[in-house]
Amino acid sequence: MSLFIIVALPFLGALLPGVMSSAGRAACAGITFTVSLLAFLGLLANLPAVLAGEVVTARIDWIPLLGLNFNLMLDGLGFFFAFLILGIGLLIIAYGRHYLSRDDNMGEFFTYLLLFQGAMVGIVLSDNILLLLVFWELTSLSSFLLIGYWKHLPEGRQGARMALAVTGMGGLAMIAGMLILGQIVGSYDLSVILEHREEIQADPMYLPALILILLGCFTKSAQFPFHFWLPHAMAAPTPVSAYLHSATMVKAGIFLMARMWPVLSGTPEWFVIVTTAGLVTMVLGAVIALFKHDLKALLAFSTVSHLGLITMLLGTGTAFGAFAAVFHILNHATFKAALFMSAGIVDHEAHTRDIRRLGGLRTLMPVVFTIATLAALSMAGIPFLNGFLSKEMMLEEAAHTKLYGSYYIVPVMATLGSLFSAAYCFRFIGHTFLGPVRDDYPHKPHDPNPGMWMPPAILVVLVVLIGVAPFLVEDLVKVVTAAVLGEAAEVPDAHLKIWHGVTPALYMSGIAVGGGLLMMLVFAPLSRLWETAPRPEAKVIFEGLVEAVAALARSFTFTLHNGSFTRYAMIGTVAIVAAGYHAWATGTVSETTRTVQAAGPVAIAAWGMLVAATCALVLLHRNRFLSLMLIGIVGLIVSIGFVFLSAPDLAMTQFTVEVVTIILLLLALNFLPNRTPVESTVLRRVRDAGVALVAGLAAFGLSIHYLLRDAVTTPISEFHLANSYKGGGGTNVVNVILVDFRGFDTYGEIIVLGIAALIIFALTEALLDGPVRARLLNRVPDQPIAGDMHPMMMVVVTRVIMPVVLMVGFYIFLRGHNEPGGGFIAGLIVSIAVVMQYMASGFAWASARLRYPYHGVIGAGVLVAGLTGIGSWFVAKPFLTSDFTYVRIPPFEKFELATAALFDLGVFLAVVGAVMLSLESFSRLARRAHVPDTEHPMDIDPSRDELASEQAGG
Amino acid sequence: MELLVASAIGVLTAGGIYLVLRLRTFPVILGMSLLTYAVNVFIFASGRLTVGAPPVLHDGATVYTDPLPQALVLTAIVISFGMTAVVVMIGLGAFLGSDDDHVDDQPDPDPEGRS
């Protein structure tokens, strides 16, 4: 099966359980199991190739310019981890189906689980480090969802947040490290990077890259000092703990260290950092685990400890160390997942996982006792179980490792770690299962149904099988080791066997087991001592840190962002002007190349009106109606200026927009106060005027500067002018640019316009549903309502003129491609025609005759434009490729048919819909406020009639 | 001609910024409209000024003005209507909700409720 399908299956399948929630719990679990099984079988189909030493690849270029390619590869290491992820995943799914209670949403759970599974498989199969990073972050996110699955538990939410913060920050560091690595090698393909060992290690950026990447690995794999998140993540449901926190996610960091082993390991830096972190984690985790009373916390710290062990082995940088690490990864996955599931069963049956309230379960739960004991003994390193074999190899490796110039540090620490490890294993067995049967369990426990104990039982069978006959897996472990080592080293000629003779490792092992038993004898006083000893509480430190950072961010934000728009505008203006001045003062000013064109008296007069209107607007802006008129004058002059300066399309657009803007502002002013009161001091006004004048002067300077100089390079407009008719089939170049050359741009713009209108509509809805509604209903208009609300003259004129205006709009639309006009302008003209009906005949009258809602018109416009663009796919052309032809239907003259016209129709519809939806929303506010509806718009205000009749009657 | 257009841009900018710095929503909206004019004319003028040569192809014409800034400004005019409408709606909603049309957060004028 293609690697793409293996990676995609969990992601695609993740949708199924979520939507099948109502189909029942068994169906959800069944479909999840099937999806995982398919991926698992697909993986197994690649086993022969992998065992033969081949590397299976699948490649698609995604963003080649960035070096980001969807390249996958499957070698021994990838196969091994994918096998663990999918294989244990199957057992976890079966177990989870029985573990979750009826109150839990099973579909949601399995959706998260499959998302996580897909992300993990993606990590281990990636052959591109950027792709790997994407999957890496996906595991952080999906594990956040899984850890916080029980949303009602505060511990779950806090644990999920902590895990996300720690692993997320590590992920960020790793992104930086990976980018450095990619820069050194010049490729982001993992298989390429792995071939550049010398180059990478000789580079001065090797150490920063190493530290950053290790930060990612250490946070993910809970290495000291980032180990603290893992125990808190145990608030997750047990299937999650068993899956993420024993077999898969926490192994991602280990995987990456193994993956990068050929290029990163072997240097003193690697050796010191990784070995030390591993050793410290191993001992610390084991010590803490011994004194934990919560079964899952005990297992969590034991996981931390074992991850430290594997890290330490990888850190040694020897081939034998890698060999032992691979073997221990396999063994740890089997016994630890079994232990987690057993702990989950105990919790499920006895309703507690507090080890102090348990004991004597041996006779009550014989099956679970057998499973858990075998797994725990394996973890303790008892012969004939698989944990013994890899622990022996670890001690063997430790005996030869010299750290900080001493031959004793590593062996002693390793023995100490093993000793505590044996002790907590014995405690797990002894305090949970052995001892007298108690009568105060929160719930009387008994063995669960086989659905729950079968998955761990299968794992324990493997534990025993590998422990007794390790040669069965030797080939697999060697293939994986070969993949880890790459070309950096040869696979060691060692064999997996039970008896190695009397070696230092055997002595160390013996000391560990004996010491562990001894510790159990004196556990009670030891535990009291531990309880009284002061210990740093990682959670408190972490939360203090987070709070401090958040406080810093808050003070920073609130200082800059104090809620005063005026201040932002002032700072922004001053900053822009200052930056511009800096550029002006430090740059070189080129010679003027254009001559000033003479301006006629008309131009000067128009300029005078514009300046006068602007000045009047500034001086008289307190009178709001007057300022609307003045701004209308400004807009009008700008339109005339466009006509004069060879921009007829702009003039028409500006003119029509001016009309709808003024109507809009009038509608708003209906509610706002009519005057702006004097508030700011004279000093402040002088200051503002000063800033405004300087900014105006700057704008003038910039404008005159380039108006007197030609463009530095030839504008691309030459291309537009040359190809407008030949390629676009239109002579109005502006319109051809809009609907053809830059059609995609226009497409985006009509969508923005539509969204703006929808926002206005949504805000209106929100206002009318909220407390504003009552305020509007009780509002007393501050202006007397016109007695003649629908003047007859206006009603008649607007209705008569309506078809004429529509005809004009149609004409403007059609001529747009070759003469000034087009969809934008036609849309605005038609909108004005419709708005006139609202104004003259009233809202009720007009909306009663509205056949299509304006949202629909916007949507239809975007749809028509989009479909026109998609149409070009059917002739194998890129999106929005236009075409045109000339046809002749007698007796008409020859005329043009262009797909661009269809696109322009979309623009037209979107503009009409957006403008009308905005204005209609504003009028709805007004209507709610105080305007009575009337049935007969051509009449005088009927309320006056009622008033009159009342007065007459009274 | 160049001087007229450049100075018009300058005057519109200055007026717009002065009004944007006012404390009530309505003058701020007017100020932004003035700034919109200034920016649109500015972008339009980046194609340099040409009289009597609209970019509509016809026989015999050799000189056309630059059509690209015109196309950009055309959509900008329409979009700026949409944006103005949104801002007006937000301002109006704020006024209707609180009976206050200040643009800045107002410190509680009278925390003890005297009036």
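All of these numbers come straight from a predicted model, not from anything done at the bench.

**Quick word on the overall build of chain A**
- For chain A, the helix and strand inventory stands at 42 helices and four strands.
- In terms of overall size, chain A is more extended than a compact globule, its C-alpha atoms giving a radius of gyration of 38 Å where 954 residues would be expected to give roughly 30 Å.
- Each of the three principal axes of chain A carries a C-alpha extent, and together these read 110 × 80 × 75 Å.
- Counting all 954 residues of chain A, 53% fall into the buried class.
- Looking at chain A alone, contacts between residues at least 24 apart form 79% of all its contacts between residues at least 6 apart.
- Carbon and sulfur atoms make up 70% of the accessible area of chain A, which totals about 40900 Å².
- Each charge class in chain A can be summarised by its mean position, and for the 54 positive and 61 negative side chains these summaries are 7 Å apart.

**Structural notes on the interface of chain B and chain A**
- Listed by partner, the interface residues are 81 residues for chain B and 110 residues for chain A.
- Considering only the surface of chain B that becomes buried against chain A, Phe26, Arg48 and Phe81 of chain B emerge as the three largest contributors, covering 9% of it.
- On inspection of chain B and its partner chain A, the count reaches three salt bridges.
- Between Arg24 of chain B and Glu679 of chain A there is a salt bridge, and its shortest N-O distance comes to 3.1 Å.
- At the junction of chain B with chain A, the criterion picks out 25 residue pairs in polar contact (both at pLDDT 80 or more).
- Sorting the residues of the side of chain B that touches chain A by element identifies α1 (2–20), α2 (25–45) and α3 (67–98) of chain B as the ones contributing at least two each.

**Structural notes on the environment of Gly514 of chain A**
- With respect to the helices and strands, the residue Gly514 of chain A is situated in helix α25 (residues 504–521).
- Along the backbone, Gly514 of chain A and Ala423 of chain A are 91 residues apart, and their C-alpha atoms lie at a distance of 9.2 Å.

**What about the packing of aromatic side chains?**
- According to the stated counting rule, one finds 26 aromatic pairs over all chains in the structure shown.
- Relative to Phe110 of chain A, the ring of Phe109 of chain A has its centre 5.4 Å away and its plane inclined at 75°; by these criteria the two rings are edge-to-face.
- Since its relative accessible area comes to 0%, Phe109 of chain A is described here as buried.
- Looking at Phe110 of chain A, the relative accessible area reads 0%, which means it is buried.
- The ring of Tyr18 of chain B has Arg22 of chain B sitting right over it, with the charged end atom 4.2 Å from the ring centre.

**Let's talk about the nonpolar core**
Residues and elements named next belong to chain A.
- Ranked by internal contacts, the top residues of the largest apolar core, which has 201 residues, are Met178 and Trp229.
- No other element matches the 20 residues that helix α18 (residues 319–350) contributes to this core.
- If we ignore the near neighbours within four places in the chain, the residues touching Met178 are Ile129, Leu132, Leu133, Tyr188, Ile213, Leu256 and Met260.

**Regarding empty space enclosed by the protein**
- If you walk through the whole model with that rule in mind, you get five cavities of 30 Å³ or more.
- The computed volume of the largest cavity comes to approximately 170 Å³.
- For the largest cavity, the lining is made up of 15 residues, of which Val657 and Thr661 of chain A together with Ser33, Tyr37 and Ser80 of chain B are closest to its centre.
- Contributions of two or more residues to the lining of the largest cavity are made by α31 (648–669) of chain A together with α2 and α3 of chain B.
- In terms of residue class, the lining of the largest cavity is made up of seven nonpolar, seven polar and one charged.

**Examining the side chain of Thr167 of chain A**
Residues and elements named next belong to chain A.
- Among the secondary structure elements, Thr167 is positioned in helix α8 (residues 154–185).
- What makes Thr167 buried here is its relative accessible area of 1%.
- Within the structure, the side chain of Thr167 is placed 2.6 Å from the backbone oxygen of Ala163, a separation counted as a polar contact.
- Those residues within four positions of Thr167 in sequence are excluded, and the remaining contacts are Ser140, Thr219, Lys220 and Trp229.

**Comments concerning the pattern of salt bridges**
- In the structure shown here, the tally under the stated rule is 18 salt bridges over all chains.
- For Arg624 of chain A, the salt bridge is made with Asp101 of chain B, and the minimal N-O distance between the two is 3.1 Å. On the criterion of chain membership, the pair formed by Arg624 of chain A in helix α30 (residues 624–644) and Asp101 of chain B in the segment after α3 is interchain, its members lying in two chains. Across the pair, exposure class does not vary: Arg624 of chain A and Asp101 of chain B are buried alike.
- Connected through shared salt-bridge partners, Arg624 and Glu679 of chain A together with Arg24 and Asp101 of chain B make up one network.

**Topic: the domain arrangement of chain A**
- When cut into domains, chain A gives domain 1 (268–521) and domain 2 (733–954).
- Placing a centre on the C-alpha atoms of domain 1 of chain A and another on those of domain 2 of chain A gives a separation of 73 Å.

**Brief notes about unusual backbone geometry**
Residue and element names in this part refer to chain A.
- Here Phe224 and Pro225 are connected by a cis peptide whose omega angle stands at 5°.
- Within the fold, Pro225 resides in the loop between α11 (206–220) and α12 (229–232).
- Here His351, not a glycine, exhibits a phi torsion of approximately 65°, which is positive.
- Relative to the elements of secondary structure, His351 occurs in the loop between α18 and α19 (361–364).
- Positive phi, normally seen in glycine, also occurs at Ser646, with a value near 65°.

Rules used throughout
Residues numbered from 1 in each chain as written. Chains lettered and ligands numbered in written order. Predicted model: local features only at pLDDT ≥ 70, side-chain atom pairs only at ≥ 80, totals over all residues. Heavy atoms only, no water. Helix = DSSP H or I, 4+ residues; strand = E, 2+ residues; numbered from the N terminus. Rg over C-alpha atoms; globule rule 2.2 N^0.38 Å. Buried < 20%, exposed > 50% of the residue type's maximum accessible area, 1.4 Å probe, protein only. Contact = heavy atoms within 4.5 Å. Areas by Shrake-Rupley, 256 points an atom, 1.4 Å probe, with all protein chains shown as cover. Lys, Arg positive; Asp, Glu negative; His and termini not counted. Charge placed at Lys NZ, Arg CZ, Asp CG, Glu CD. Buried area = accessible area lost by both parts, 1.4 Å probe. Salt bridge = Lys/Arg side-chain N within 4 Å of Asp/Glu carboxyl O. Polar contact = N/O pair within 3.5 Å; in protein donor to acceptor, adjacent residues only side chain to side chain. Phe/Tyr/Trp six-rings, centres within 6.5 Å; stacked < 30°, edge-to-face > 60°. Lys NZ or Arg CZ within 6 Å of the ring centre and 35° of its normal. Core = buried A, V, L, I, M, F, W, Y, C linked by side-chain atoms within 4.5 Å. 1 Å grid on protein atoms, 1.4 Å probe; cavity = no way out; pocket = protein on both sides within 12 Å on 5 of 7 lines; lining within 4 Å. Points joined across faces, edges and corners; volume = space filled by probe spheres on them. Nonpolar A, V, L, I, M, F, W, Y, C, P; charged D, E, K, R; others polar. Domains from an automatic or database assignment.

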